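Coordinates in review
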Amino acid sequence: MSYIQFLGAAGTVTGSKHLVDAGGNSTGNSGVQILIDCGMFQGPKEWRERNWQDLPIPVGEIDAVVLTHAHLDHCGWIPRLVKQGFRGPIYATPATTDLCSILLPDSGHLQEEDAAFYNKHQTSKHTPALPLYTFEEAQACLEYFQPLPTDTGKQLSPALSFRFVRAAHILGSAMVELTLETDGQRRRLLFTGDIGRVHDQEVAPGKVVHSGPVEGERADILVMESTYGNRQHPTDDPRPQLAATIRETLARGGSVVVPAFAVERTQKFLFMLKELMESGQIGRVPVYCDSPMAIQAVEIFMKHSEEYTEVTRRLVTQFGSPLTWPGFQFASTVEQSKRISQLKDPSIIVSSSGMATGGRILHHLAQRLPDPKTTVVFIGFQAQGTRGFTIKSGASEVKIFGEIVPIRAQVVSFEQFSDHADTPELLEWLRTFQGIPGRTYLVHGDPDASSELRDVMSQKLGWNVQVARWMEKVNV
Ligand SMILES: [Zn+2]
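Residues numbered from 1 in each chain as written. Predicted model: local features only at pLDDT ≥ 70, side-chain atom pairs only at ≥ 80, totals over all residues. Heavy atoms only, no water.

Note on the zinc ion: its protein donors are His69 (NE2), His71 (ND1), His169 (NE2) and Asp194 (OD). The metal-donor distances range over 2.1 to 2.3 Å. Given four donor atoms and angles of 94 to 162° at the metal, the environment of the zinc ion is assigned as irregular. Sequence spacing of the donor residues for the zinc ion, all on one chain, is H-x1-H-x97-H-x24-D. One end of the pair, histidine 71, is in the loop between strand S4 (64–66) and helix H2 (72–75); the other, aspartate 194, is in the loop between strand S10 (185–191) and strand S11 (221–225), and 123 residues separate them in sequence. In terms of burial, histidine 71 and aspartate 194 fall into one category: buried. (Donors = N, O, S within 2.8 Å, 3.2 Å for Na, K, Ca; no water. Tetrahedral: all angles 85-135°; square planar, octahedral: opposite > 155°, others 65-115°. Helix = DSSP H or I, 4+ residues; strand = E, 2+ residues; numbered from the N terminus. Buried < 20%, exposed > 50% of the residue type's maximum accessible area, 1.4 Å probe, protein only.)

Summed over all chains, the structure comprises 20 salt bridges. Note that glutamate 177 and arginine 163 form a salt bridge whose closest N and O atoms lie 2.7 Å from each other. One end of the pair, glutamate 177, is in strand S9 (residues 174–182); the other, arginine 163, is in strand S8 (residues 160–166), with 14 residues separating them in the sequence. Across the pair glutamate 278 and lysine 274 runs a salt bridge, and its minimum N-O distance is 2.9 Å. (Salt bridge = Lys/Arg side-chain N within 4 Å of Asp/Glu carboxyl O.)

Next up on the list: the environment of leucine 343. Along the chain, the position of leucine 343 falls in the loop between helix H10 (334–342) and strand S15 (348–351). The spacing of leucine 343 and serine 255 is 88 residues in sequence and 9.5 Å in space, taken between C-alpha atoms. Setting aside anything within four residues of it in sequence, one finds leucine 343 in contact with Tyr288 and Arg368. (Contact = heavy atoms within 4.5 Å.)

Right, dumping it as structure tokens:
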């Protein structure tokens, strides 16, 4: 008997982790157990605390990890898994592998910093506060990565094989098509990971990787994300309003602070700023890209040109690498970051993390949120319980580093930048399927989003859809 168990991203948008147990057969062959994604829980404490729990099976019994993409809510628990004794291969696309080589050590570093901060200020109930894993532990897990290009089959056992197919979410992102023989039957499972926009330029201006997820899929069981299961992205071009917001902020002597994930979202935003500057829609103010990964993220982006959209290819040909643009500065060191946070002259600061859950953006926000001249521009999804969510929802104050920071800055958010398909786009993609999957399980959504998408899929497509519950086991 084979099963899937939802160990994360069920009832929430983080902690993606699905165990596939390809059970042994009646002749006594032992089964194979793999994890599809191995993400970290983020956001509310009730979820984050699950990062400290053990998996329901011994880590040593997991044969492999198959990773859809490099966002921490999909890969950020890998160092913890290796710390606990996992020694198998971690399969990921070449671009995802490269991104993990900078993102995971950075994550370890952030957790060490957070633990040190809480210990110094004794603001944690746990004494001493510990990191989930360290920078070094995160580096140690990288040797287990085995890059596998998309559309290339991989046999994990006589009964189990998989391949990656394009998901068009971020650089390197993929879905996992898994084929499994169980009880004499061949079953096909599709794990979407996160699904990119179905069209690119018209609906997602500035999108930099592939236009649309692979079409014409089929599956007996579909495990699908539902982040935007109850929403529709605005379809208007954000550039005029973005340019106006930047012009107004600079005119009153303020700076624009942009929390953005260092990979993909930041590159997308930088190319957009460059276009706005070159076309004269905003002035040539200094742009600071502040992240320990800032330079490497751009280098990896430039390296994997196989992932570009046509428009991105043209922009790269026209403008070259962002690392060479006059007026754009990339801060890797802490000293550079401190200098930026003390600058008085108007500038644009792009820094991570995108939901203000950690990272250097916190210093910039702590410094500039009390200043009414500042504008904070959100260009990404803000999960419930994150600081980003608090700031975006119009709160008058927010806690940063244990201190209450008043919010007097202007706060503006754009939904157009999303790298997730919205409900109409998901339906459009699902309509390309060859046949109806026997069962669909929705994961990676807040409860309202998942249940609305379930209803819409049942009504409009006639599919058998269920919302996955945390720790639920379903037979394959
Ligand atoms: Zn993602």
